[in-house]
Amino acid sequence: MSGVALHWFRKGIRLHDNVPLTKAIESCSTLIPIFILDTDFLDPKKVSANRLGFLLDSLKCLDEDLQERGSRLIVAKGKPSEVIFSLIEEFKINKLTFERGTEPFNKDLDDELIGIVNANDIEVYSNWGHILFNPDHILALNNGKTPVTMNVFLKLASSAPTPLKPIPAPEKIPPPPADFKPKNVEIFISTPTLSDLKEYGYDPEAMTTWFKAGEKEGIKIMEDFLKQKQRVASFEKPKTKPTALLPDTTALSPYLSVGSLSVRLFYHKLLEVLKSFKRHSKPPVSLEGQLYWRELTYLIGYSTPNFHQMRENPLCYQIPWTEGEAAQEALKKWEMGQTGYPAVDAAMNQLRSDGWMHHLARHLVACFLTRGDLWISWELGRDVFDKYLIDADWSINNFSWHWMSCSAFFYQFFRCYGPVSFFKKTDPNGDYIRKHVPILAKYPVKYIYEPWEAPKNVQEAAGCIIGQDYPRPIVEHKTVSQANMGKLKKAYDKNKADRAKPAKVNAEKLEKPLAKSKLR
DNA sequence: TTAATGTTGCCTTC
DNA sequence: GAAGGCAACATTAA
């Protein structure tokens, strides 16, 4: 054991169930554990202080956990591929380990790394540690076709190999070289905080999320939740409350997203709990089902070209969303919680302050921005979510915006969320609004969801005049949502017609070659 | 080809 | 609180 190993942390910011890291340790006396802060990522316009801060805190925890085992985390800054290749060369790396990514930007880099590194006679180990199932395996089971519904996915998953059992964290980890100072790679002296990134425009005060980062925290939240066995066994996602003042779901998404909690650990611990119940809730609504949804989105993101956009995306309906200045203005109001619909604004305010909101709150605001009310492209809403959510996840986020905008996977556009009605069901008193839109806190129950309906004297008594202290509704929901359904119907018809034409031509052209290549 | 199905709508009626 | 109408989508199973 004399080699130098490089373990690259991307997601998978943890020591438990980290197979590549464990493989790296097996065969080296020196291990460089590195995280690379991509300079493209350091932009408050694209990545909020909450999201970046949560990531940095996760790294800090990782560093502490590494130090407990005789190592420490090295955080570099730059373009990931350049940093990796530079380190490989300078430190004569024998072994490179990392967790594979399904997203297009990761996929390309993975292929590049595996190819070039193998050519240089360096041992490479990577795995699919961020997900339960090997996506290539699932796709093969479906003859290479991307599954687009949960039932199809469940069938495929049931005939795929059982997800691997998690492995424990290593007890000892070989240290990086003493005085580790690469020549061509910029590294931080210690794990950076937001204060160290002021030059990029970050303000440490802007980090307001109450979520605590780290592997220990993620595992603790998981264990506390799984202890409530009855709750686990009867969990049904659609029945949880978006307006709860404390999360009514597991709220494990931030930890799963950066990988400080292993999805396989959660999966197997969950199944253990379910085993002790004769009857329990089932996918797609159960807790187990939530993990399968996550898998499905990763699989779709992995196998669908241009999944991050409407155009050139084979799964996505082409819908003529509003563009231009008016759309930008409305988008900004939506982002900043200024639509004049208290429920929507409360959710958006929670998104910006906490970096998290309940899944159904995401539905309400996403529907409102796209097909429901504002008729603005899901891509723009997706970007706003990606900026603020501490659980931001490329696959899940893109999938959900397809779904909510009726661009793919879900098409029942006549089922539309009401910005007044939807939250009333779980929060008739409007406590969620009172918390997240404090200027409305004194409104009587009768008007809390529709403050513009309140008589002037009621507005004055509540200390908030509509149109002055809080905006009037940006649109009239009833009217625009009706009109939008008509527009969607038209767009659907046009898409069907457009799809029918080229498909016919292709079928004729491809008939022979297809038959020939059946064995592929 | 038709029938059943689809994680999470809203409103009115009983 | 449950049920049915609303005006009706696409995908999958049969």
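The shown structure was predicted, so the numbers you read here are calculated from the model rather than taken from an experiment.

A. Fine view of the UniProt feature "site: Electron transfer via tryptophanyl radical" (unreviewed entry) in chain A. Mapped onto this numbering, the UniProt entry gives "site: Electron transfer via tryptophanyl radical" (unreviewed entry) at Trp321, Trp378 and Trp401. With the annotated positions falling across 81 residues, the maximum pairwise C-alpha distance of 13.7 Å places them together in a single cluster. Mapped onto the secondary structure, tryptophan 321 falls in the loop between α11 (287–303) and α12 (325–335). Residue classification places tryptophan 321 among the buried residues on the basis of a relative accessible area of 7%. Leave out the neighbours within four places in its chain, and tryptophan 321 touches Met310, Thr370, Arg371, Trp375, Ile376, Ser377, Trp378, Ser405 and Ser407. For tryptophan 378, the location among the structural elements is in helix α15 (residues 378–388). By relative accessible area, which is 0% here, tryptophan 378 ends up buried. The residues contacting tryptophan 378, other than those within four sequence positions of it, are Phe307, His308, Gln309, Met310, Cys316, Trp321, Thr370, Asn398, Trp401, His402, Ser405 and Ser407.

B. Up close: the protein's contact with DNA strand C. Close to DNA strand C lie Val148, Thr149, Val152, Lys155, Tyr317, Tyr411, Gln412, Phe413, Phe414, Lys489, Tyr492 and Lys496. Take the atoms of DNA strand C that sit within 4 Å of the protein: sugar and phosphate atoms are 82% of them. At 3.0 Å from a phosphate oxygen of DNA strand C is found a side-chain nitrogen or oxygen belonging to lysine 155. A distance of 3.2 Å separates a phosphate oxygen of DNA strand C from a polar atom in the side chain of lysine 496. When contributions to the surface near DNA strand C are tallied by element, the ones reaching two or more residues are α6 (150–158) and α20 (477–516). For the surface near DNA strand C, the leading source of residues is α20, giving three residues. Of the residues that constitute the surface near DNA strand C, the class distribution is seven nonpolar, two polar and three charged.

C. Broad picture of the protein's contact with DNA strand B. Near DNA strand B you find 20 residues, and of these Pro238, His359, Cys416, Gly418 and Ser421 are the closest. Among all atoms of DNA strand B positioned within 4 Å of the protein, those belonging to sugar or phosphate total 43%. Histidine 359 places a polar side-chain atom, nitrogen or oxygen, 3.0 Å from a base oxygen of DNA strand B. Separating a phosphate oxygen of DNA strand B from a side-chain N or O atom of serine 421 is a distance of 3.0 Å. Those elements giving two or more residues to the surface near DNA strand B turn out to be α6, α11, α14 (359–372) and α17 (421–424). Take the surface near DNA strand B: its biggest share by element is three residues, from α14. For the surface near DNA strand B, a count of residues per class yields 10 nonpolar, seven polar and three charged.

D. Seen up close, the packing of helix α10 (residues 263–275) against α11. Closest axis-to-axis distance for the α10/α11 pair is 10 Å, and the angle between their directions is 155°. The orientation of α10 relative to α11 falls into the category roughly antiparallel. Crossing geometry of α10 relative to α11 is assigned as left-handed. For the pair α10 and α11, the contacting residues are Val263, Phe266, Tyr267, Leu270, Leu271 and Leu274 in the first and Leu287, Glu288, Leu291, Tyr292 and Arg294 in the second.

E. The pattern of salt bridges, seen in detail. Tallied over the full model, the rule gives 25 salt bridges. The salt bridge involving lysine 216 is made with aspartate 65; its shortest N-O contact spans 3.1 Å. Within this pair, whereas lysine 216 is found in helix α7 (residues 215–227), its partner aspartate 65 is found in helix α2 (residues 49–67), the two being separated by 151 residues in sequence. A residue is classified by how much of its surface remains accessible, and lysine 216, at 52% relative accessible area, is exposed. Relative accessible area serves as the criterion here: at 5%, aspartate 65 is assigned to the buried category. Aspartate 248 serves as the salt-bridge partner of arginine 231, at 3.9 Å between the closest nitrogen and oxygen.

F. Region of the structure containing the nonpolar core. By size, the foremost hydrophobic cluster in this structure holds 75 residues, and its most contacted members are Phe35, Leu37, Leu52, Phe153 and Phe266. In this structure, phenylalanine 153 is in contact with Phe133, Ile138, Pro147, Tyr292, Glu295, Leu296 and Leu299, ignoring residues within four places of it in sequence. Counting 61 residues, the second-largest nonpolar core is a separate cluster that includes Trp334, Tyr388, Ala392 and Ile433.

G. Representation of the pairing of strand β1 (residues 4–9) within the structure. With respect to burial, β1 is a largely interior element, six of its six residues being buried. Residues of β1 alternate between two faces, with Val4, Leu6 and Trp8 on one and Ala5, His7 and Phe9 on the opposite face, all of them buried. Bridge analysis of β1 against strand β2 (residues 30–38) gives six bridges, and the strand direction is parallel. Across the sheet, residue phenylalanine 9 finds its bridge partner in β2, namely phenylalanine 35. Viewed along the sheet, the connection from β1 through helix α1 (residues 19–26) into β2 turns out right-handed. As paired elements, β1 and strand β4 (residues 95–99) share four bridges and run parallel to each other. Each bridged residue has a counterpart across the sheet, and for histidine 7 the counterpart in β4 is threonine 97.

H. Spatial organisation of the side chain of aspartate 391. Structurally, aspartate 391 can be placed in the loop between α15 and α16 (394–404). When near neighbours in sequence (up to four residues on either side) are disregarded, aspartate 391 contacts Ser253, Pro254, Ser257, Gly355, Trp356 and Arg362.

I. Main features of helix α4 (residues 104–119). Compared with an ideal rise of 1.5 Å per residue, which puts 16 residues at 22 Å, α4 spans 23 Å between its outermost C-alpha atoms and is within 8% of the ideal. The complete set of buried residues in α4 reads Asn106, Leu109, Asp110, Leu113 and Val117. The buried residues of α4 occupy an angular sector of 105° when the element is viewed end-on, so they sit on one face. In α4, those exposed residues whose orientation departs by more than 90 degrees from the buried face are Asp108 and Ala119. Against the buried residues of α4 lie β1, α3 (80–90), β4 and β5 (123–127). Within two residues after α4, aspartate 121 carries a phi angle of roughly 65°, on the positive side.

Conventions we followed
- Residues numbered from 1 in each chain as written.
- Chains lettered and ligands numbered in written order.
- Predicted model: local features only at pLDDT ≥ 70, side-chain atom pairs only at ≥ 80, totals over all residues.
- Heavy atoms only, no water.
- UniProt positions renumbered as here; feature names shortened; annotations may be inferred.
- Helix = DSSP H or I, 4+ residues; strand = E, 2+ residues; numbered from the N terminus.
- Buried < 20%, exposed > 50% of the residue type's maximum accessible area, 1.4 Å probe, protein only.
- Contact = heavy atoms within 4.5 Å.
- Near = heavy atom within 4 Å.
- Polar contact = N/O pair within 3.5 Å; in protein donor to acceptor, adjacent residues only side chain to side chain.
- Nonpolar A, V, L, I, M, F, W, Y, C, P; charged D, E, K, R; others polar.
- Axes fitted to C-alpha atoms, helices over the stretch in contact; angles between N-to-C directions.
- Parallel < 35°, antiparallel > 145°, perpendicular 65-115°, else oblique.
- Left-handed = near helix turned anticlockwise from the far one by under 90°.
- Salt bridge = Lys/Arg side-chain N within 4 Å of Asp/Glu carboxyl O.
- Core = buried A, V, L, I, M, F, W, Y, C linked by side-chain atoms within 4.5 Å.
- Pairing = 2+ DSSP bridges.
- Right-handed = clockwise from strand over helix to strand, strands pointing away.
- Expected span 1.5 Å × (residues − 1).
- Arc of directions from axis to C-beta.

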